[in-house]
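Next come the chains, spelled out residue by residue.
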Amino acid sequence: MLYVICDRITSFNMKKIDEDYRTLLTVLCMLLSFQYSMPCVIRMQNNSLGLMKFADCKGHEYRNVPTNLTSDIDVIDLTDNNITVLRNNSFSRYSILKEIIIRFNKLDTIGIDAFAGLYKIQSIDMSDNSLDVFNVYTPDLFKHLTNVTHLDIRRNKPTIATNTAPQHYPDKAFAVLTKIAFLAVDLIPYPYFGPGFKNLQSLKTLKFENCYLKLLRNNTFAHFSSFLEELVLSGCRRNFIQTEHGVLSKFENLIKLNFAESCVHLIQALKLLYVYKNKKMETLILSSLNCVRFSTKQYPYVMTVSAEMMKYLKTICVESLDLSDNGIVDYEPNSLFSYDRPECITNMNFMGNRFSLKFGIQMNELNSFFRNAVSLKTLVYSYIAVRYKLPDRSYDKDLQNDNADNFIFLPNSLEKLLVNNIISTDFVKVFVIQKESNLRELDLSYSLSSTSLIFQKGNISKLEYLTLDGVIFVLTSMEMEQFQNFSLKTLIWRDAKLHYVVTNQNNKYASSIKKLFSEFTSLEYLDLAKNELFGLFDNLLVNMKNLTQLHLSKNLFESIPVAILKLNSIKVLNFQNNLLATIDSNTRDWADRMNKKHGLRLLLGNNAFECNCNTLEFIKWLKQTKVKLDRESYNCIINNGTIISTLEAYHKMDKLFFSCNSKLWLTISSLLMATCITGTFLLIVYSKRWEICVFLYQKFRNLIETKFKKQYTYDLYVSYETDSMYWIKTVLLPKVEDEWGLKVCLKDRDFLVGVSRFDIEAESIQQSRHVMFIITPSFKNSKDYLFEIERVKYEKMMKNMANILVIVKDISISDIPIELSYIWNNVSLVQWTENSEKLDIIWQRMKICLSTDCLGYFISNTVNNNNTIPHARKINAVTYGSISNQFE
């Protein structure tokens, strides 16, 4: 409201108010705005200029530069305010200012004396505003900034070209910046930098970003210093940029060139490199230059690299080369891996292209390159989508042999190898990590590839960082066993379904993963998120004495595993997005010990916490503990189903849990009553012992005779309607009949023609071990299911049926036919949802349900006490997973 009133006062017509009064009111509004704005934070802080007194004024809604700060500040940060005008003498109070940051404002006007009095200013950042390059930068604008070395005015008001004539930058405004070393400006569509830029002889870095460039002429940069070291032209994707052949000829001493994400096209960019033929460069970034919307026959989006295209690049002694995301689908001999000075290259990036490693000459060149690239430290061959597995080809026979051409020997100097997110199954390649390798970082995540990785025998691993996201353990167990003398410090292994091997003692790979984890004695950081884990082997982590960070978020833990309580070096424990209802006393004590020992950060957000009598101590602990938690309070559910916060539960404990104190007396009275009832029951049993024995003997004999004489024709009878036929045919039958080997009865397939439908339905249900109802919208509208339900009730009552399974699809549980409620206690219910992550669990529990009956259980426990078969656990209307798009 204050800003609105001041805006109206300062915009009054001159006829309505005297100029002196108007000026006075304007100044008064400015002072009031400073008074009611949030105060800036003053602190000492290190930056590129050294230790500075820093005024942090970000996001304070200032409309003018504040004048109420201490005058001895070195840096002022006005990012994200509402400043539109820099008036004259805006910074005169702060005469020793060395750096001004005024990004993300609405700045569109600057007075010619706005920077007056700044004799020590070295850096100004006015990026992300609304400054018009042709109207704001007057010849005298920067007259007070002769000592400035850093000026950033990128991402301001765009300039749209009305014709193709060169657009002259206001070179007179920039001519006074004789000491400037870093200049970042917007690049207009047809730029020309006039003779005033000749004065910028100290300029080392020239940067353009997110520009509107359309054409670079040979004379565009003619007046810049030839001693420029770094040129950045990145993010210019609004237009296709045409370049004349000699546009970089002025910058013959350039050592860093960055064209990243600008629509220059790789063919043009490689031609511009003729200026640097046989020279040395530090960085050459030519990534994402081929823009799909500007694809033409001359400059296609997808391309094959030729020897002609590489004729200049191959001669350059470049240290860091980035050719990522350029639509490269293939490369000719003597091109992509052919360099005159391969020993110069330290970093090489091919991420996001689509070329595969091939045979013949290319492979010879590749191995020759790696043999001579003795300084190569980083190789990125990631996000390479070549193709899925194709039908057999004539060369497939060669792949079955141990052909030496299939082996790629990586250089010993390599320290970082990223070969993640690859789809390429038609070429078999093996990356060989040699005996004396210095490899320290490896990423093999999410790859569908026949390319593998092996370590030479005798390799003493120096690997410290390993990422295996999405890599199933059974696919990597052989490769993992090659490691010796583990030195891993970081292991990231997410979304890999590790619950199969770290929670099931009977899994054939359980012993392998135990052995593997026992080798991680140097591990400091372990991330096993998104693995559907609900438990861990007790001694799985026992050898990880140096583990300080453990991340187990997005799993299915209902409690903190005992394996974690055996760790004594944990500083960060992440259990976010699990199913924790509480944290037991042992875990709380352990957390307090770890915090007292070296500090502990415990992340518990988004769990299924409960607030009831059983979790009172946990609620108190959350409030009283000194462990650093990720939140002050967590959501929890109370007995009536309401969700409150744990902090609210703590403050209202007497009101919410008043009945908890009476539990002791209730328990004592219950025990006394139970003792009396038990004693009475035992007396009755003793007095009627012979009658009871005779009764149990008769029932036992009848049960055995009935079960052993009963012969089933089908394992499963399915009741359904027509809208579930497609799902039954494509999903249910392949799983139940083909994979599990059960015999299914379907009325549309197995009923004989001419026989009474009700008779054959009754007979089929009688001869089926289990019954499945598939409840769909059409099922409820049909009346035929009533007879089947009645028959099932009868067979269940007659003890002729083991299990009844109800699958609900596309309707809610509340819409299930009421007739099923009469057998509800005998039903296992499954609700299919749209979440497919739990599909394996649903099939596993359905299999247990359809493979178990009470006779098998009884006999197993009677005949052999050492070999028991557990009952199939009821599914009880819990949502475990989904099958999407099964109905058409």
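Just above sits the structure.
Position labels on residues start from 1 in each chain and follow its written sequence. Given that the model is predicted, a residue must reach a pLDDT of at least 70 before its local features are reported, and side-chain atom pairs must reach 80 or more before they are shown or counted; all residues, however, enter totals for whole chains, interfaces and linings. For side-chain calculations, the full set of non-hydrogen atoms in the structure is used, while hydrogens and water are omitted.

Engineer: Explain the pattern of salt bridges here, please?
Structural biologist: When their charged atoms lie close together, side chains carrying opposite charge are able to pair. In the sections that follow, a salt bridge refers to a side-chain nitrogen of Lys or Arg positioned within 4 Å of a carboxyl oxygen of Asp or Glu. Per the counting criterion, the structure on display carries 23 salt bridges. Note that Lys497 is salt-bridged to Glu532, the shortest N-O span being 3.9 Å. Remark: Glu532 occurs in the loop between strand S33 (525-527) and strand S34 (549-551) and Lys497 occurs in the loop between strand S32 (490-492) and helix H8 (499-502); sequence separation between them is 35 residues. Here the salt bridges share partners, and the residues they tie into one network are Arg103, Asp125, Asp128, Asp152, Arg154, Arg155 and Glu209. Helix and strand definitions here come from DSSP, where helices need a minimum of 4 consecutive H or I residues and strands a minimum of 2 consecutive E residues; each element is numbered from the N-terminal end.

Engineer: In this structure, what is going on with the packing of aromatic side chains? I would like to understand it.
Structural biologist: Aromatic ring pairs are described here by two measures, namely the spacing of the ring centres and the angle between the planes. The criterion for an aromatic pair is that two Phe, Tyr or Trp rings (for Trp, the six-membered ring) have centres within 6.5 Å, with stacked assigned to planes under 30 degrees apart, edge-to-face to planes over 60 apart and tilted to the rest. Scanning the entire structure with this criterion turns up 30 aromatic pairs. Look at Phe174 and Phe197: their rings are 5.4 Å apart centre to centre, the planes differ by 25 degrees, and that puts the pair in the stacked class. Here the residue Phe174 occupies a position in helix H3 (residues 171-174), and Phe197 occupies one in the loop between strand S11 (191-192) and strand S12 (205-209), the gap between them amounting to 23 residues. For each residue, the accessible area found with a 1.4 Å probe, counting protein chains only, is set against the maximum for its type, and the residue is called buried under 20%, exposed over 50%, and partly exposed in between. Given a relative accessible area of 1%, Phe197 falls into the buried group. Centre to centre, the rings of Phe350 and Phe355 are 5.5 Å apart; their planes meet at 90 degrees, and the pair counts as edge-to-face. Of the residues examined, Phe355 reaches a relative accessible area of 0% and is grouped as buried. An aromatic cluster of three or more residues is present, and its members are Tyr137, Phe142, Tyr169, Phe174, Phe193, Phe197, Phe208, Phe221, Phe224 and Phe251. Distance and angle both matter: a charge sits over a ring if NZ of Lys or CZ of Arg is within 6 Å of the ring centre and within 35 degrees of the ring normal. Note that Arg238 overlies the ring of Tyr212, its terminal NZ or CZ placed 4.2 Å from the centroid. Over the ring of Phe537 we find Lys514, and its NZ or CZ is 4.5 Å from the ring centre.

Engineer: Sorry, what's going on with the sheet that holds strand S30 (residues 452-455) here?
Structural biologist: What holds strands together in a sheet is hydrogen bonding between their backbones, with the strands either parallel or antiparallel. The three strands lie next to each other as S24-S27-S30, forming an open sheet whose pairing is parallel. The two strands at the open ends of the sheet, each matched to only one other strand, are strand S24 (407-409) and S30. When strand polarity is set aside, the average angle formed by the axes of neighbouring strands in this sheet is 30 degrees. Two strands pair if DSSP finds at least two bridges between them. Across three bridges, S24 lies against strand S27 (residues 430-433) in parallel orientation. Residue pairing for S27: Phe407 is matched across the bridge by Val430. The axes are straight lines fitted to the C-alpha atoms, using for helices just the contacting stretch, and the angles between their N-to-C directions are given from 0 to 180°.

Engineer: Where do I start with the sheet that holds strand S29 (residues 448-449) in this structure?
Structural biologist: Pairing in this open sheet of three strands is parallel, and the strands run S23-S26-S29 from one edge to the other. Where the open sheet ends on each side, the last strands, each with one partner, are strand S23 (384-387) and S29. Summarising the sheet, strand S26 (residues 422-424) and S29 pair through two bridges and their orientation is parallel. Bridging from a neighbouring strand, Ser424 pairs with Ser449 of S29.

Engineer: Please clarify how the packing of helix H19 (residues 757-766) against helix H21 (residues 785-797) should be interpreted in this entry.
Structural biologist: Two quantities define a packed helix pair, namely the angle between the axes and the distance from one axis to the other. Running from amino to carboxyl end, H19 crosses H21 at an angle of 35 degrees, the nearest separation of the two axes being 10 Å. Crossing of H19 against H21: the hand is right-handed. Along the contact surface, H19 presents Phe758, Glu761, Ala762, Ile765 and Gln766, while H21 presents Phe787, Glu788, Arg791, Val792 and Glu795. Side-chain classes follow a simple rule in which Ala, Val, Leu, Ile, Met, Phe, Trp, Tyr, Cys and Pro form the nonpolar group, Asp, Glu, Lys and Arg form the charged group, and the remainder, Gly included, forms the polar group. Residues of the contact of H19 with H21, tallied by class, amount to five nonpolar, one polar and four charged. For a crossing to be left-handed, the near helix must be turned anticlockwise from the far one by less than a right angle; the clockwise case is right-handed. Residues are treated as being in contact if the distance between any of their heavy atoms lies within 4.5 Å.

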